[in-house]
Amino acid sequence: MTPLVIVGCGGHGREALTIARATAVAGGPRWDLVGFVDDRPSEENLKRVQRLEVPYLGGLAWLRDAPADLHHVIGIGDPLVRRAVAARVDAYGTPAGSLVHPDATIGRDTRYGPGLLVFAGARVTTNVTLGRHVHLNQNTTVGHDSVLADFVSVNPLAAISGDCHLAEGVLVGTTAAVLQGLRIGRDSTVGAGACVVRDVPDGVVVKGVPAR
């Protein structure tokens with residue numbers, strides 16, 4: 001068993017815990033769940049973590065003296081915050097693990113970097129590239145030949161069509177759709193329920209049908 005720490009006591013981090021546990025039950029990689037680290041957990045989230053019977057270990061600095069075989073996943077939904085946290089954790093030398101729920105599917109010739117989180121019901125078809133710390137939430141779809149760069153988040157029920165390119169730090173909101181062959185620029189956000197019908201530049205928020 002590989003020791004694992006989850007970074008973030010919020011809802012996203014606790015959902016990451018469900019992936020690790022489901023993977024073990026399904027006969028996949030087995031993780032020894034050491035606990036959660038979080039610099040500023042709320043009292044309510046600490047109580048929720050306690051009910052899950054996994055300890056809160058302290059702030060991120062706890063990882064500084066962690067054992068060499070310890071892995072981490074970052075359970076933080078916001079791509080920009082996740083990127084900043086990853087920079088801190090990387091400095092401690094703790095490697096990132098990847099969690100794929102057994103009820104998700106990932107097709108042939110899909111390549112992904114460390115820190116991937118794939119939640120239940122997600123569907124990745126074929127010849128897809130996923131960067132570091134990409135998060136695919138519940139019941140998302142990613143079509144053929146798409147490239148999702150580092151720290152991309154695809155929120156529940158969103159659909160990425162084939163041959164799309166999502167640059168680093170992109171967030172695609174719940175039930176949004178990105179149509180075939182489009183490009184979403186770095187650190188841009190696609191609002192919930194939006195339908196993207198043309199390329200999106202860097203650093204903007206688009207929403208609506210069609211997305212503007």
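Reading the values: rules and limits
- Residues numbered from 1 in each chain as written.
- Predicted model: local features only at pLDDT ≥ 70, side-chain atom pairs only at ≥ 80, totals over all residues.
- Heavy atoms only, no water.
- Helix = DSSP H or I, 4+ residues; strand = E, 2+ residues; numbered from the N terminus.
- Contact = heavy atoms within 4.5 Å.
- Pairing = 2+ DSSP bridges.
- Buried < 20%, exposed > 50% of the residue type's maximum accessible area, 1.4 Å probe, protein only.

Engineer: Provide a residue-level description of the environment of Gly97, including the pertinent values.
Structural biologist: Along the chain, Gly97 falls in the loop between helix 3 (79–92) and strand 5 (99–100). Between the C-alpha atom of Gly97 and that of Asp38, which follows or precedes it by 59 residues, the distance is 17 Å. With residues near it in sequence (within four places) discarded, Gly97 still touches Trp31, His71, His72, Val73, Pro114, Gly115 and Leu116.

Engineer: Any details on the sheet that holds strand 21 (residues 195–196)? Residues and values, ideally.
Structural biologist: Strand order in the open sheet made by the 6 strands is 6-9-12-15-18-21, with parallel pairing throughout. Of all the strands in the sheet, just strand 6 (105–106) and strand 21 have a single pairing partner and so form its edges. Bridging between strand 15 (residues 159–160) and strand 18 (residues 177–178) involves 2 bridges; their strand directions are parallel. For Ala159, the partnering residue across the bridge sits in strand 18 and is Ala177.

Engineer: So what's going on with the side chain of His135? Residues and values would help.
Structural biologist: You can see His135 is positioned in strand 11 (residues 135–136). By relative accessible area, His135 is classed as buried at 0%. Beyond its immediate chain neighbours, meaning those up to four positions away, His135 contacts His12, Ile74, Ile76, Arg82, Gly115, Leu117, Val152, Ser153 and Val154.

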